[in-house]
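If you want the building blocks of each chain, they are given just below.
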Amino acid sequence: MKTVYPVNIGGVCRDLPLCKLNESLQIAAFVVIGDWELTEACAKELLARAPEYDYILTAEAKGIPIAHEMARQAKDNYYVVARKAPKLYMKEVFEVDVRSITTAKE
């Protein structure tokens, strides 16, 4: 069984580690945190493929570096981060109740 999955994104090559889910299924771990070169390449490629948009929205954590870099490259003023619950310092929060497939509670 393979241990890495090679990718080439905008000329940036990486070997993604494969994580075994069960006896017949593995997924590649794609994490850009800490990899500025891959983050810049991903943002550039996504912007080239993106339709016209009003906002850049990402889930909190792993998507933030790419959303940040997309906004920087596009010279947008900001991007929006979606998270499970607001923090005390957050003002004018938009809230929606959802049921996540990865969390037992609403």
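Source: prediction; values computed, not measured.

Let's talk about the confidence of the model for the protein chain
Right, so step 1: Residue-level pLDDT values for the protein chain average 90, and 97% of them are 70 or greater.
Right, so step 2: Ranking the helices and strands of the protein chain by mean pLDDT puts helix 1 (residues 36-49) first, with 97, and strand 5 (residues 80-82) last, with 89.

Focus on a nonpolar patch on the surface
Right, so step 1: Together, Tyr55, Leu57, Tyr78 and Val80 make up a nonpolar patch on the protein surface, roughly 450 Å² of accessible area in all.
Right, so step 2: Checked against the element boundaries, Tyr55 lands in the loop between helix 1 and strand 4 (57-59).
Right, so step 3: Under the relative-accessibility criterion, Tyr55 is labelled exposed at 56%.

Things to note about the sheet that holds strand 2 (residues 12-22)
Right, so step 1: With antiparallel pairing, the three strands of this open sheet are ordered in space as 1-2-3. The sheet is open, and its two borders are formed by strand 1 (4-9) and strand 3 (25-28), each paired with just one other strand. Strand-to-strand, the axes of this sheet are offset by a mean angle of 35 degrees, without reference to chain direction.
Right, so step 2: Bridge analysis of strand 2 against strand 3 gives four bridges, and the strand direction is antiparallel. Paired with Leu18 across the strands is Ala28, a residue of strand 3.
Right, so step 3: Packed on one face of the sheet, helix 1 meets strand 1 and strand 2 and runs near 95 degrees to strand 2.

Some details on the pairing of strand 1
Right, so step 1: Summarising the sheet, strand 1 and strand 2 pair through six bridges and their orientation is antiparallel. In the sheet register, Pro6 faces strand 2, and the bridge partner there is Asp15.
Right, so step 2: The turn linking strand 1 back onto strand 2 is made up of two residues, and Gly10 within it adopts a positive phi angle of 55 degrees.

Here is what the cut-offs are and how they apply
Residues numbered from 1 in each chain as written. Predicted model: local features only at pLDDT ≥ 70, side-chain atom pairs only at ≥ 80, totals over all residues. Heavy atoms only, no water. pLDDT = per-residue confidence, 0-100. Helix = DSSP H or I, 4+ residues; strand = E, 2+ residues; numbered from the N terminus. Patch = residues over 30% accessible without salt bridge, like charges linked within 9 Å, V, L, I, M, F, W, Y side chains within 5 Å. Areas by Shrake-Rupley, 256 points an atom, 1.4 Å probe, with all protein chains shown as cover. Salt bridge = Lys/Arg side-chain N within 4 Å of Asp/Glu carboxyl O. Buried < 20%, exposed > 50% of the residue type's maximum accessible area, 1.4 Å probe, protein only. Pairing = 2+ DSSP bridges. Axes fitted to C-alpha atoms, helices over the stretch in contact; angles between N-to-C directions. Contact = heavy atoms within 4.5 Å.

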